[in-house]
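Breakdown of the fold
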Amino acid sequence: MDRLVDKLILIVSGILAGGLIWLVTAPPRGAPIELRPAPTPAPLIVHVIGAVAAPGVYELPAGARVRDALEIAGGLLPEAGSDGLNQAAIVADGDQIVVPGVQAAEAPGPGTSAEPAASPPGGLVDINNATLAQLESLPGIGPAIAQRIIDYREDNGPFAKISDIVNVSGIGPATYEQIKDRITVGP
């Protein structure tokens, strides 16, 4: 019986030794994993115009905000009207950031009357670039809807055609009919 146990131990030892040799000498399975660095996001190109120290086209890192674009353009001029400008908005590649100037209101002289502010060139309001005040000058558009228009274009990009403004919450067919001859879409 001892011989049988010795033979079993010898057979089991042989199988284990053979398996160990096979594991050590067997080729690796699968392809090796290659670790690569994460891709670097492309820089954003924006055009800053209006009441800034150095208007122009600038390159910004991905995730930059309007305030970063204003800073790289030399900052706001003293006459800048930045109240309607959302400096916390994230810029997108190809954006044009327009910083309006504040027009000092002059008191009417004797024999003259105060007139409303001049309308934009051509009398049309560009819904892709208009400030809060310019949007509020449209019939049926108050401060809340004007802000929704600005928020919509910041979230969804510029309007492709004037009829796209009905996608803004609060602007229905009736309001669109009131403003359609007074708005345009610019770049």
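Residues numbered from 1 in each chain as written. Predicted model: local features only at pLDDT ≥ 70, side-chain atom pairs only at ≥ 80, totals over all residues. Heavy atoms only, no water.

Across five bridges, strand E1 (residues 44-50) lies against strand E2 (residues 56-60) in antiparallel orientation. Directly across from Val46, in E2, lies its bridge partner Tyr58. Hairpin connection of E1 to E2: five residues between the antiparallel strands. (Pairing = 2+ DSSP bridges. Helix = DSSP H or I, 4+ residues; strand = E, 2+ residues; numbered from the N terminus.)

With that out of the way, let us pick up the pattern of salt bridges. As enumerated under the stated definition, the model contains four salt bridges in all. Notably, a salt bridge pairs Arg36 with Glu34, separated by 3.4 Å at the nearest N-O pair. The pair formed by Arg36 and Glu34 is uniform in burial state, with each residue classed as exposed. Salt-bridge contacts for Asp164 lead to Lys161; the nearest nitrogen and oxygen are separated by 3.2 Å. (Salt bridge = Lys/Arg side-chain N within 4 Å of Asp/Glu carboxyl O. Buried < 20%, exposed > 50% of the residue type's maximum accessible area, 1.4 Å probe, protein only.)

Residues Met1, Leu4, Val5, Leu8, Ile9, Ile11 and Ile15 make up a contiguous nonpolar surface patch of about 760 Å² in total accessible area. With respect to the helices and strands, Leu8 occurs in helix H1 (residues 2-25). (Patch = residues over 30% accessible without salt bridge, like charges linked within 9 Å, V, L, I, M, F, W, Y side chains within 5 Å. Areas by Shrake-Rupley, 256 points an atom, 1.4 Å probe, with all protein chains shown as cover.)

With respect to the helices and strands, the residue Pro143 is situated in helix H4 (residues 143-156). Pro143 sits in the exposed class, given a relative accessible area of 52%. Separated by 10 residues in sequence, Pro143 and Ala133 place their C-alpha atoms 8.1 Å apart. Beyond its immediate chain neighbours, meaning those up to four positions away, Pro143 contacts Leu132 and Glu136. (Contact = heavy atoms within 4.5 Å.)

The three strands lie next to each other as E2-E1-E3, forming an open sheet whose pairing is mixed. Both edges of this open sheet fall to E2 and strand E3 (96-99), since each of them pairs with a single strand only. Geometrically, the sheet is characterised by an average inter-axis angle of 30° between neighbouring strands, direction not taken into account. (Axes fitted to C-alpha atoms, helices over the stretch in contact; angles between N-to-C directions.)

We now examine the confidence of the model for the protein. Confidence along the protein averages 82 in pLDDT terms, with 88% of residues attaining 70 or more. Note that pLDDT drops below 50 for residues 103-121; the model gives that stretch three contacts with residues more than four away or on any other chain. (pLDDT = per-residue confidence, 0-100.)

So, about the packing of aromatic side chains. Scanning all chains against the criterion turns up one aromatic pair. On the numbers, 5.3 Å between centres and 15° between planes, the contact of Tyr152 with Phe159 is stacked. With a relative accessible area of 22%, Tyr152 lands in the partly exposed category. Among the residues examined, Phe159 registers a relative accessible area of 4% and is labelled buried. (Phe/Tyr/Trp six-rings, centres within 6.5 Å; stacked < 30°, edge-to-face > 60°.)

Over its 24 residues, H1 extends 34 Å from the first C-alpha to the last, a length consistent with the 34 Å expected when each residue adds 1.5 Å. Among the 24 residues in H1, zero count as buried, and that is only a small part of the element. (Expected span 1.5 Å × (residues − 1).)

The next point concerns the nonpolar core. Core analysis: the biggest nonpolar cluster contains 18 residues, and Val48, Val66, Leu70, Val91, Ile97 and Val99 have the highest contact counts within it. When residues of this core are traced back to their parent elements, those giving at least two are E1, E2, helix H2 (66-72) and E3. Beyond its immediate chain neighbours, meaning those up to four positions away, Val99 contacts Ile49, Gly50, Ala51, Val52, Leu70, Leu76, Ala80 and Leu85. Core analysis: the second largest hydrophobic core is formed by 17 residues, Ile127, Ile141, Ile171 and Tyr176 among them. (Core = buried A, V, L, I, M, F, W, Y, C linked by side-chain atoms within 4.5 Å.)

With respect to the helices and strands, Thr175 occurs in helix H5 (residues 173-179). For Thr175, a relative accessible area of 15% corresponds to the buried category.

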